[in-house]
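A structural walkthrough
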Amino acid sequence: MSMKIFDLHNDFLTSEAPKTVREVVKNNEKSGYKSIYALYKGERTLSEIREIYEKTKRAGMCYAFEDASYADTGAFECLCEKVKPLYASLCWNDENEFAGGCRSVGGLKPRGAELIKMLDKRHIALDLAHANERTFFEAVEKAERIMCSHTAFDFVKPHFRNIDEKRIKRILRRKGIVGVCFVGYFLTDERGSEGKIKGERAFYEAIDGFLQKFGDDGLCIGSDFYGSDFLVFDDYGSFADRFESAMKRIGAGRESVEKILFRNALDFFGASDCKG
């Protein structure tokens, strides 16, 4: 099956979903849906994250570390050698010993700068999805490869997890990528069924606005499946069908659609690293 979607961020591995990894990954890839599976730290220790990886690893899977603020950076580097993540972030929403997240005001810290050096050495991209503005601009001066895996845009809805045009421009200037997520909280103030409808419209507005302002380079999908209780799409299949129709309505050509769905991500990471 040829690739239809390359999703920059899927939280299945650290979710409470009852399905097995083998079932999810096999079914998705059989349908042409490839994901980067995030190993989200939360309250977990590095040993617990390592155990999740060991129990769920499967040939061809792509991984990332969401909030790599582990006390033992040497042990984390050893795990990176085994996992070979495509990207890693310094923080989640709050401030830690590495950097300030989007609910804090602190910026990049010495330990965060050291971690960026390690990521650069291993050609691991730095994900800035949860970074605040100060951390963002301080970190991009240090990192070789930058991206924002799952976010939405302030020009559609101001939200502490969304990024503004200054940050979008900086990512694109550095040949990075931006994944637009499906999280309704970042797209609309409405909730329930009406919120889902308005959130889907806002998602297309975000895509269209990006295309109008910046073109189709660097724009990707970063669903955040299993990472929120309010998503405007239920699964990859329903999203793919509705997305194609919506893109026709706004006049996006087939080349732009494919770049957003998978080609921009493949170009950034390298096709061989993504296809498994």
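Higher on the page you've got the structure.
Structural notes, computed from the coordinates. (Residues numbered from 1 in each chain as written. Predicted model: local features only at pLDDT ≥ 70, side-chain atom pairs only at ≥ 80, totals over all residues. Heavy atoms only, no water.)

1. Overview of the state of the cysteines
Taken as a whole and judged by the stated rule, the model has 0 disulfides. Between Cys91, a free cysteine, and Cys102, which holds the nearest cysteine sulfur, the sulfur-to-sulfur gap is 7.5 Å. (Disulfide = S-S within 2.5 Å.)

2. Some details on the pairing of strand S7 (residues 177-180)
The two faces of S7 match: Ile177 and Gly179 on one face and Val178 and Val180 on the other face are all buried. Bridge count between strand S6 (residues 146-151) and S7: 3 bridges; the pairing is parallel. Across the sheet, Met147 pairs through a bridge with Ile177, a residue of S7. Between the parallel pair S6 and S7, the chain is carried across by helix H6 (residues 165-173), and the sense of this crossover is right-handed. (Buried < 20%, exposed > 50% of the residue type's maximum accessible area, 1.4 Å probe, protein only. Helix = DSSP H or I, 4+ residues; strand = E, 2+ residues; numbered from the N terminus. Pairing = 2+ DSSP bridges. Right-handed = clockwise from strand over helix to strand, strands pointing away.)

3. Regarding the nonpolar core
Where a protein is soluble and globular, its nonpolar side chains tend to be buried together. Counting 97 residues, the largest nonpolar core has Phe65, Phe203, Phe243 and Phe269 as the members making the most contacts within it. In terms of residue count, helix H9 (residues 254-269) provides more of this core than any other element does, 8 residues in total. (Core = buried A, V, L, I, M, F, W, Y, C linked by side-chain atoms within 4.5 Å.)

4. What to know about unusual backbone geometry
In this structure, Asp224 takes a positive phi of about 70° despite not being glycine. Here Asp224 is to be found in the loop between strand S8 (219-221) and helix H8 (236-249). For Tyr226, which is not a glycine, the phi torsion comes out positive at approximately 70°. Inspection of the secondary structure puts Tyr226 in the loop between S8 and H8.

5. Examining the packing of helix H3 (residues 73-83) against helix H4 (residues 110-121)
Remark: H3 packs on H4, axes separated minimally by 11 Å, with the N-to-C direction vectors making an angle of 25°. With respect to their mutual orientation, H3 and H4 come out roughly parallel. The hand of the H3/H4 crossing is right-handed. Every residue of H4 that contacts H3 at Thr73, Phe76, Glu77 and Cys80 is listed here: Arg111, Leu115, Met118 and Lys121. When grouped by side-chain class, the residues that make up the contact of H3 with H4 number 4 nonpolar, 1 polar and 3 charged. (Axes fitted to C-alpha atoms, helices over the stretch in contact; angles between N-to-C directions. Parallel < 35°, antiparallel > 145°, perpendicular 65-115°, else oblique. Left-handed = near helix turned anticlockwise from the far one by under 90°. Contact = heavy atoms within 4.5 Å. Nonpolar A, V, L, I, M, F, W, Y, C, P; charged D, E, K, R; others polar.)

6. Some points on the packing of aromatic side chains
Across all of its chains, the model carries 25 aromatic pairs by this definition. On the numbers, 5.4 Å between centres and 80° between planes, the contact of Phe203 with Phe233 is edge-to-face. One end of the pair, Phe203, is in helix H7 (residues 192-214); the other, Phe233, is in the loop between S8 and H8, with 30 residues separating them in the sequence. Through pairs of rings, three or more aromatic residues link up here, namely Tyr33, Phe182, Phe203, Tyr204, Phe225, Phe233, Tyr236, Phe239 and Phe243. When the ring centre of Phe268 is taken as reference, the NZ or CZ atom of Arg145 above it lies at 4.5 Å. (Phe/Tyr/Trp six-rings, centres within 6.5 Å; stacked < 30°, edge-to-face > 60°. Lys NZ or Arg CZ within 6 Å of the ring centre and 35° of its normal.)

7. Observations concerning the pairing of strand S3 (residues 62-66)
The element S3 is extensively covered by neighbouring structure, given that 5 of its 5 residues are classed as buried. Side chains Cys62, Ala64 and Glu66 of S3 all project onto a buried face; the interleaved residues Tyr63 and Phe65 project onto the opposite face, where all are buried too. Of the crossover connections in this fold, the one passing from strand S2 (residues 33-40) over helix H2 (residues 46-56) to the parallel S3 is right-handed. When S3 meets strand S4 (residues 87-89), the two strands line up parallel, connected through 2 bridges. Within S4, the position partnered with Phe65 by the bridge is Ala88. The parallel pair S3 and S4, bridged by H3, forms a crossover whose chirality is right-handed.

Just distances and angles here, no functional claims.
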